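A closer look at the structure
One letter stands for each residue in the lines below.
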Amino acid sequence: MRKKTEIISIIISIIIAAGIMCAVIIRRDTYADASATAEIAMELQTGTVLKESNADLKLPMASTTKIMTAIIIVEDCDLNKVITVPDAAVGVEGSSIYLKKGEEINVKDLLYGLMLRSGNDAAAALAIHHSGSAEKFVEVMNERAKKIGAHNTSFKNPSGLPDDAHYTTARDLCEIARYAMQNKTFKEVVSAKSHSGEYRSFVNKNKMLYNYDGANGVKTGYTMKAGRCLVTSAERNGMDVVCVVLNCPDMYVRSGDILDACFNDYNLVKINENNTFMSGIVLCKPAKSGCFVAKKNEKLDFKVTASDKLKKICKGDLVAELNIYGQNGLLFSEKLYSIVDRNN
């Protein structure tokens, strides 16, 4: 009887263990397939939207907030300036680079600490250095966001700490990141895997830089309220894509999948200012270089439309307009100017 009871007990244990394993497998599969609450991907130069879902939903964005903080500092401050850490930047809640009261440090090292280690204390120190107080700096953040075109964004602090009035949308955050990534210094900071500074050294905790081919930025974020948030930039074959996922359990996997789809489906087509076209019998070219995004293997139609007929054409005269169409309509338009003198 005892032996029978032991056998039954073993069988029950196996069944329970199997059930737990199934539950773990199901949980892992669900986690791996989880999408973001909101997401978007844009081509960096043109702002063309390549993928999107719930992109205009207002959500908290955690430390991806620091993208705005960083670009303001890059644009407005001397990065070599040495400052003394103010009291208000010591012991700030959340992630930290452990600044000490009265410590001397340059703006550059604070900037790297902000973006590579997500230091909330670095955010406070930089905000106070820039504007005199975090509250004044927040005013600058909101003004700058509007200029960039992020009209559905509200900042309440420079770090991303939870606040009901601190929010953005995936679209707005992508526009802010696109703007910032076109700044050479900003891009240099967020693409660095490590930084050895005069006062501090840091290792970047953004795993995309190590695990995704072509990744060159930009910022991770997490709070209980916002969930896992990630803004990524990556470049392949001359095209740079910026991707935002907000409240995404597996933010690295999801971002990689979105970027892969963009690079697999689209190309960046460049029109050089030295490319020549014919408007009737007049040789012409665009005034400046440009680019547009097209689906791979998409048939493109080029159309040159002449301007009003001129009796005499001088070099540099506007003579035509170039329009390029894809299967869904106009993709690119540019004025064309004569590169020769001609009497008709």
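The sections below set out a description of the structure shown in this document.

Cut-offs applied
- Residues numbered from 1 in each chain as written.
- Predicted model: local features only at pLDDT ≥ 70, side-chain atom pairs only at ≥ 80, totals over all residues.
- Heavy atoms only, no water.
- Helix = DSSP H or I, 4+ residues; strand = E, 2+ residues; numbered from the N terminus.
- Buried < 20%, exposed > 50% of the residue type's maximum accessible area, 1.4 Å probe, protein only.
- Contact = heavy atoms within 4.5 Å.
- Areas by Shrake-Rupley, 256 points an atom, 1.4 Å probe, with all protein chains shown as cover.
- Expected span 1.5 Å × (residues − 1).
- Polar contact = N/O pair within 3.5 Å; in protein donor to acceptor, adjacent residues only side chain to side chain.
- Phe/Tyr/Trp six-rings, centres within 6.5 Å; stacked < 30°, edge-to-face > 60°.
- Lys NZ or Arg CZ within 6 Å of the ring centre and 35° of its normal.
- Pairing = 2+ DSSP bridges.
- Axes fitted to C-alpha atoms, helices over the stretch in contact; angles between N-to-C directions.
- Parallel < 35°, antiparallel > 145°, perpendicular 65-115°, else oblique.
- Left-handed = near helix turned anticlockwise from the far one by under 90°.
- Nonpolar A, V, L, I, M, F, W, Y, C, P; charged D, E, K, R; others polar.
- Patch = residues over 30% accessible without salt bridge, like charges linked within 9 Å, V, L, I, M, F, W, Y side chains within 5 Å.
- Salt bridge = Lys/Arg side-chain N within 4 Å of Asp/Glu carboxyl O.
- Core = buried A, V, L, I, M, F, W, Y, C linked by side-chain atoms within 4.5 Å.

Digging into the overall build of the protein
Each helix and strand in the protein was counted, giving nine helices and 18 strands. Per-residue burial for the protein yields a buried fraction of 45% across its 344 residues. Pairs at least 24 apart in sequence give 60% of the contacts found in the protein among residues at least 6 apart. For the protein, the exposed area adds up to about 17,600 Å²; of that, 50% sits on carbon and sulfur atoms.

Considerations on helix α6 (residues 170–181)
Under the 1.5 Å per step criterion, the end-to-end length of α6 is 16 Å for 12 residues, consistent within 8% with the ideal 16 Å. Considered for burial, the residues of α6 that qualify are A170, D172, L173, C174, I176, A177, R178, A180 and M181.

Notes on the side chain of N216
You can see N216 is positioned in strand β7 (residues 215–223). Exposure remark for N216: the relative accessible area of 10% places this residue in the buried category. Separated by 2.7 Å, the side chains of N216 and S233 make a polar contact. For N216, the residues in contact, after removing those within four places along its chain, are M181, K187, V190, S191, L209, S233, A234, E235 and D240.

Some thoughts on the packing of aromatic side chains
Under the counting rule described, the total for this entry stands at one aromatic pair. Aromatic pair F292 and F332: ring centres 5.6 Å apart, planes at 35°, arrangement tilted. Of this pair, F292 sits in strand β13 (residues 290–295) while F332 sits in strand β17 (residues 329–338), placing them 40 residues apart in sequence. Take F292: its relative accessible area is 2%, and that puts it in the buried class. Note that R228 overlies the ring of Y222, its terminal NZ or CZ placed 4.8 Å from the centroid.

Structural notes on the sheet that holds strand β14 (residues 301–306)
Pairing is antiparallel across the open sheet formed by five strands, whose spatial order is β11-β12-β17-β16-β14. Edge positions in the open sheet fall to β11 (277–279) and β14, since each of these has one partner strand only. On average, each strand axis in the sheet is inclined to that of its neighbour by 40°, with strand direction left out of account. With three bridges connecting them, β11 and strand β12 (residues 282–286) associate as antiparallel partners.

As for the environment of N247
Here N247 shows up in the loop between β9 (239–246) and α9 (251–265). Overall, N247 belongs to the partly exposed group, its relative accessible area being 35%. Note: C-alpha distance between N247 and L230 (17 residues apart in sequence) is 8.7 Å. Among all residues touching N247, those that are not within four sequence positions of it are S35, A36, T37, A226, G227, R228 and C229. Side-chain polar atoms of N247 contact the side chain of T37, separated by 2.8 Å.

Overview of the packing of helix α2 (residues 66–76) against α6
One way to put it is that α2 packs onto α6 with a least axis distance of 10 Å and a crossing angle of 30°. On the basis of the axis angle, α2 is roughly parallel to α6. α6 is crossed by α2, and the crossing has left-handed handedness. Residues I67, M68, I71 and E75 of α2 touch α6, and the partners they reach there are I176, A177, Y179 and A180. Its residues placed into classes, the contact of α2 with α6 shows seven nonpolar, no polar and one charged.

What about the environment of V92?
Along the polypeptide, V92 turns up in the loop between β3 (82–84) and β4 (104–106). In this structure, the C-alpha to C-alpha distance between V92 and A122, residues 30 residues apart in sequence, is 9.1 Å. Apart from the residues lying within four places of it in its own chain, the contact partners of V92 are N120, D121 and A124.

Considerations on a nonpolar patch on the surface
Among the surface-exposed residues, M278, I281 and L283 lie close enough to one another that they form a single nonpolar patch of about 270 Å² accessible area. Note that L283 resides in strand β12. Exposure remark for L283: the relative accessible area of 30% places this residue in the partly exposed category.

Some thoughts on the nonpolar core
Residues I67, M68, L110, M115 and F186 are the most contacted members of the largest nonpolar core, which totals 63 residues. When near neighbours in sequence (up to four residues on either side) are disregarded, M68 contacts M141, R144, A145, I148, F155 and I176. Counting 23 residues, the second largest nonpolar core, distinct from the first, contains L209, C243, L259 and C291.

Any link to function would need more than the numbers given here.
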